[in-house]
Protein chains: 2
Amino acid sequence: MGKRVGTYTVQFDRPVLIRGRGSAVGQEEGKGPLGGYFDQIAQDAMWGQDSFEKAEKRFFMEAAKKAVESAGLGLKDIHYLLGGDLLNQIISASYSARDLDIPFLGLYGACSSMAESLCIGSMLIDGGFAQNILCATSSHFATAERQFRYPLELGTPKPPTGQDTVTGAGATVISAEQGDLEVKSVTVGRVVDFGIKDANNMGAAMAPAAVQTILSNLEDLNADPGYYDAIITGDLGIFGSDILLDLAGKNNVDLSGVHKDCGKMIFEGMDKNCGASGCGCGASVLNAYFFKKMLDGDLQRILFVATGALLSPTSVQQGESIPSIAHAVHIERRAGK
Amino acid sequence: MGKRVGTYTVQFDRPVLIRGRGSAVGQEEGKGPLGGYFDQIAQDAMWGQDSFEKAEKRFFMEAAKKAVESAGLGLKDIHYLLGGDLLNQIISASYSARDLDIPFLGLYGACSSMAESLCIGSMLIDGGFAQNILCATSSHFATAERQFRYPLELGTPKPPTGQDTVTGAGATVISAEQGDLEVKSVTVGRVVDFGIKDANNMGAAMAPAAVQTILSNLEDLNADPGYYDAIITGDLGIFGSDILLDLAGKNNVDLSGVHKDCGKMIFEGMDKNCGASGCGCGASVLNAYFFKKMLDGDLQRILFVATGALLSPTSVQQGESIPSIAHAVHIERRAGK
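Analysis parameters
Residues numbered from 1 in each chain as written. Chains lettered and ligands numbered in written order. Predicted model: local features only at pLDDT ≥ 70, side-chain atom pairs only at ≥ 80, totals over all residues. Heavy atoms only, no water. Contact = heavy atoms within 4.5 Å. Buried area = accessible area lost by both parts, 1.4 Å probe. Salt bridge = Lys/Arg side-chain N within 4 Å of Asp/Glu carboxyl O. Helix = DSSP H or I, 4+ residues; strand = E, 2+ residues; numbered from the N terminus. Nonpolar A, V, L, I, M, F, W, Y, C, P; charged D, E, K, R; others polar. Disulfide = S-S within 2.5 Å. Buried < 20%, exposed > 50% of the residue type's maximum accessible area, 1.4 Å probe, protein only. Least-squares fit on C-alpha atoms with pLDDT ≥ 70 in both. Pairing = 2+ DSSP bridges.

1. Notes on the interface of chain B and chain A
Taken together, the contact between chain B and chain A spans 58 residues of the former and 58 residues of the latter. In total, about 5100 Å² of surface goes out of reach between chain B and chain A, with carbon and sulfur atoms giving 60% of it. The shortest N-O distance in the salt bridge between B:Arg98 and A:Asp193 comes to 2.6 Å. Broken down by secondary-structure element, the contributors of at least two residues to the side of chain B that touches chain A are helix 2 (52–70), helix 3 (91–100), strand 6 (104–106), helix 4 (113–126), helix 5 (141–148), helix 10 (313–317) and strand 16 (323–333) of chain B. Partitioning the side of chain B that touches chain A into residue classes produces 29 nonpolar, 17 polar and 12 charged.

2. Comments concerning the state of the cysteines
Within this structure, the stated rule accounts for zero disulfides over all chains. Not part of a disulfide, A:Cys274 finds its nearest cysteine sulfur in A:Cys281, a span of 13 Å. Judged by its relative accessible area of 8%, A:Cys274 is buried. In this structure B:Cys119 is not part of a disulfide, and its nearest cysteine sulfur, from B:Cys135, lies 9.5 Å away.

3. Description of the relation of the copies chain B and chain A
Under the fitted operation, chain B is carried onto chain A by 0.0 Å of movement along the axis and a turn of 180°, and the coordinates agree to an RMSD of 0.0 Å. What the superposition gives is, in effect, a two-fold axis relating one chain to the other. A high fraction, 100%, of the interface residues of chain B reappear at the interface in chain A, so the copies pair face to face through one surface.

4. Section: the pairing of strand 16 (residues 323–333) of chain A
Residue and element names in this part refer to chain A. Here strand 16 lies mainly inside the structure; 11 of its 11 residues are buried. Alternating positions in strand 16 separate into two faces, Pro323, Ile325, His327, Val329, Ile331 and Arg333 on one and Ser324, Ala326, Ala328, His330 and Glu332 on the other, with burial throughout. Strand direction decides the pairing type here: strand 10 (residues 181–187) and strand 16, joined by six bridges, are antiparallel. Residue pairing in the sheet places serine 185 in a bridge with histidine 330 of strand 16. Direction of pairing for strand 11 (residues 192–193) relative to strand 16: antiparallel, over a ladder of two bridges. Each residue of the ladder has a partner; that of valine 192, found in strand 16, is serine 324.

Right, dumping it as structure tokens:
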């Protein structure tokens, strides 16, 4: 049974293990520096489907099926699917849940959804409510652009603070048995609002939420940043990452030695404004790259902190600022593995 | 620690108690036969706000604050807020979470969200991860019409199978201690697709999901429908309720003696097509009416089965059918109370 530690963190007594992982990304992501780590790279943005939305669902499905397969399990062994995506009414996850036929708990935490699903999933495993849980999220550049900003056909240029939504998905099977990586604690975040109103400056809106959750986790565990080999944000991008380091510094916490950002890494060296965003960004990079590095022994202990900007086009049009949230998942390589 | 029973159900060993409840509804709902049960009735659809969306958030906030107050707690005593709504990116819940400053896990299960939040919340309480959890959902006729169908200004008439989205919200505080009602088991649903493509016939789309989850719960608990004093669906409406009884009958299960539908009840005797829908429907009627009836001793054991239609306007435009889901929450009056 889990125990609460400090004010916001929950620690697990029983094994909560990473048993399977899957990822599928688009062409551009495949061309980037992490291209070699992903399980599948689509040949184009449609991936054989007749709409971008249906293509996004295919990314979700491929990552999910790969995670279950790599866990050595069948769909019938999975007690719950926890997942979501950026689309209105999370249709990528919902339609995937229909096809996978697994009891489904739909989540919406914008780009924090992968961390949210791992937080809830870990608690359900530790509590004995499920043996195996599939956590998955997806995003797609073309579906996100037309829903949140402008259809691609308009050719609208992005400002320098803009980020490109990752086309891709990541999925993890967490399990009460089997797996060399272990979720040790989770910190569920509160919503933070820095007053940012520019939907093309998500990094600035989300950085304060990441800082708050990271500081809560460190304080609750009575740890320094160096306790982790890497503190990994989901998609703050280049500008948002700078703000994160700056805000943490103002709280006398130096994250510069351990901070990594999936949104910076996936398009590093490519001409992509401030980097990447989207639920599929953190989800695919965590599952493809960071879990591999941990399994290889290059990293022993990480804190995965996916951030989400909880705006809608309607709320922005009505003059609301952009509230954000971040959840943290603390994962370790098991001793002797 | 919870234990799995049968294939889809989880039973709780430790007390998971209903400690607080709150509801707030619109004028029309207040005029209906349940009007006397709601905590607050707004004077109009705007409720002092400058947009329908901000009004919906006020319903969410009022119900949430009332639930916490009636639990005899402060906001700082609540470890998690689990909630969602029908709006894109669940902005009613997200902006409320910002103002309430409680660690937030955003959910999307369309009109099943209240049951989803109670399912997850109950597991987190039983697992020892939280002492008190606030579960809340909302909907609003005007925000839902313009997002899912037509803006009210167009005066578009509804077909006879149409349902009116409830303007209102309901909230429950579940707790590890204190409360006369107890969550005994939960059944998380799978997504069912009956092939319905008419977004004005949600009852037909959702009824098969309700039947599947009710049958799973009864089978897992090895119980007859009469085990419950009432099996309460969230918002199938008049036509959907008929389909429910019919489909259950085809499975040789007679639900006619115990079935109640919040969507039928809230507008009973009023001229409202097929009744009501929306997350706020089941949430407000459960908290205002059914919990009151249980506390009064008129009902001992209920199964609350909120259903959700997981469509989006985009998926419908792209020719997809409407997948649906239902989650069940089994609640009892505690012995000697």
